[in-house]
Amino acid sequence: MIRRPPRSTPKPSSAASDVYKRQMHKLIEWLPKRIPKQKYVSIVHGDYRLDNVVFDNNDNNIAILDWELSTIGDPLADFGYHCLLWHIGKIDNDVAKGLGIPNEDEYLKKYLSRTKIQLDSDWEFYIIFSLFKVAGICQGILGRVRDGTAASEFALQMGKRAIEYANLGWEKAKNIS
């Protein structure tokens with residue numbers, strides 16, 4: 001799963017800003033050189049996030065929706081995408097405590113414990129990879145806005161986040177280069 005997206009994610013369109021292009025090209029160079037050795041393979045959702053999870057009244061997970069991006073791949077990449085909220089939602093330890101949810105480190109430790117997965121590489125790689133992925137998705141949305149084919153009024157706002165996510169990904173990558 002990780003090896004494929006940097007090659008298959010569309011290059012930034014002509015509507016992308018120069019900043020977006022520079023940051024994405026840096027990530028396109030950076031990511032393949034740092035792909036961790038994949039130790040685990042599973043079915044991965046591809047868009048695993050809280051708004052694709054259905055809970056019952058007792059907070060039990062009863063369904064996971066939107067499987068159209070599912071494939072076979074690295075479960076840590078899927079969980080990294082799931083954990084983006086701690087980065088793009090700016091959920092620090094105090095915010096998490098106030099919301100009654102674990103901080104990212106606690107959540108990751110619980111995931112690793114439950115799945116028996118050992119994290120032998122830098123967790124930040126999976127976050128950076130996910131930021132690259134979501135920046136590309138947002139750029140695609142911005143292209144649909146430009147072309148007049150966007151289905152949502154929220155599309156322009158979402159598309160403009162491409163630069164923010166590309167910048168954040170590159171800032172994080174520079175810290176572990």
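These numbers were taken from a predicted model, which means no experiment stands behind them.

1. Points about the packing of aromatic side chains
At step 1: Scanning all chains against the criterion turns up eight aromatic pairs.
At step 2: On the basis of an interplanar angle of 40° and a centroid distance of 5.2 Å, the ring pair of F79 and Y107 is categorised as tilted. Of this pair, F79 sits in helix α3 (residues 75-82) while Y107 is found in helix α6 (residues 104-115), placing the two residues 28 residues apart along the sequence.
At step 3: Among the residues examined, F79 registers a relative accessible area of 4% and is labelled buried.
At step 4: On the basis of an interplanar angle of 85° and a centroid distance of 5.6 Å, the ring pair of F125 and Y126 is categorised as edge-to-face.

2. Topic: the packing of helix α7 (residues 123-147) against helix α9 (residues 161-175)
At step 1: With their axes 8 Å apart at the nearest point, α7 and α9 run at an angle of 160° to one another. Here α9 runs roughly antiparallel to α7, going by the angle between their axes. The two elements α7 and α9 meet at a crossing, and its hand is left-handed. Counting all contacts with α7, which are made through E124, I127, I128, L131, V134, A135, C138 and Q139, the residues of α9 involved are R161, A162, Y165, A166, L168, G169, K172 and A173.
At step 2: Residue composition of the contact of α7 with α9, by class: eleven nonpolar, two polar and three charged.

3. Describing the pattern of salt bridges
At step 1: In total, this model carries eight salt bridges according to the counting rule given.
At step 2: With a shortest N-O distance of 2.7 Å, R49 and D51 are connected by a salt bridge.
At step 3: R49 gets classed as partly exposed once you look at its relative accessible area, which sits at 29%.
At step 4: Note that D105 is salt-bridged to K109, the shortest N-O span being 3.1 Å.

4. A short note on the state of the cysteines
At step 1: Under the counting rule described, the total for this entry stands at zero disulfides.
At step 2: C83 takes part in no disulfide bond, and the closest cysteine sulfur to it belongs to C138, at a distance of 18 Å.
At step 3: Look at C138 and you get buried, because its relative accessible area is 0%.

5. So, the confidence of the model for the protein
At step 1: Averaged over every residue, the pLDDT of the protein is 89; residues scoring 70 or more account for 90%.
At step 2: This model gives residues 7-16 a pLDDT under 50, and the stretch forms 16 contacts once residues within four places in sequence are excluded.

Conventions and cut-offs
Residues numbered from 1 in each chain as written. Predicted model: local features only at pLDDT ≥ 70, side-chain atom pairs only at ≥ 80, totals over all residues. Heavy atoms only, no water. Phe/Tyr/Trp six-rings, centres within 6.5 Å; stacked < 30°, edge-to-face > 60°. Helix = DSSP H or I, 4+ residues; strand = E, 2+ residues; numbered from the N terminus. Buried < 20%, exposed > 50% of the residue type's maximum accessible area, 1.4 Å probe, protein only. Axes fitted to C-alpha atoms, helices over the stretch in contact; angles between N-to-C directions. Parallel < 35°, antiparallel > 145°, perpendicular 65-115°, else oblique. Left-handed = near helix turned anticlockwise from the far one by under 90°. Contact = heavy atoms within 4.5 Å. Nonpolar A, V, L, I, M, F, W, Y, C, P; charged D, E, K, R; others polar. Salt bridge = Lys/Arg side-chain N within 4 Å of Asp/Glu carboxyl O. Disulfide = S-S within 2.5 Å. pLDDT = per-residue confidence, 0-100.

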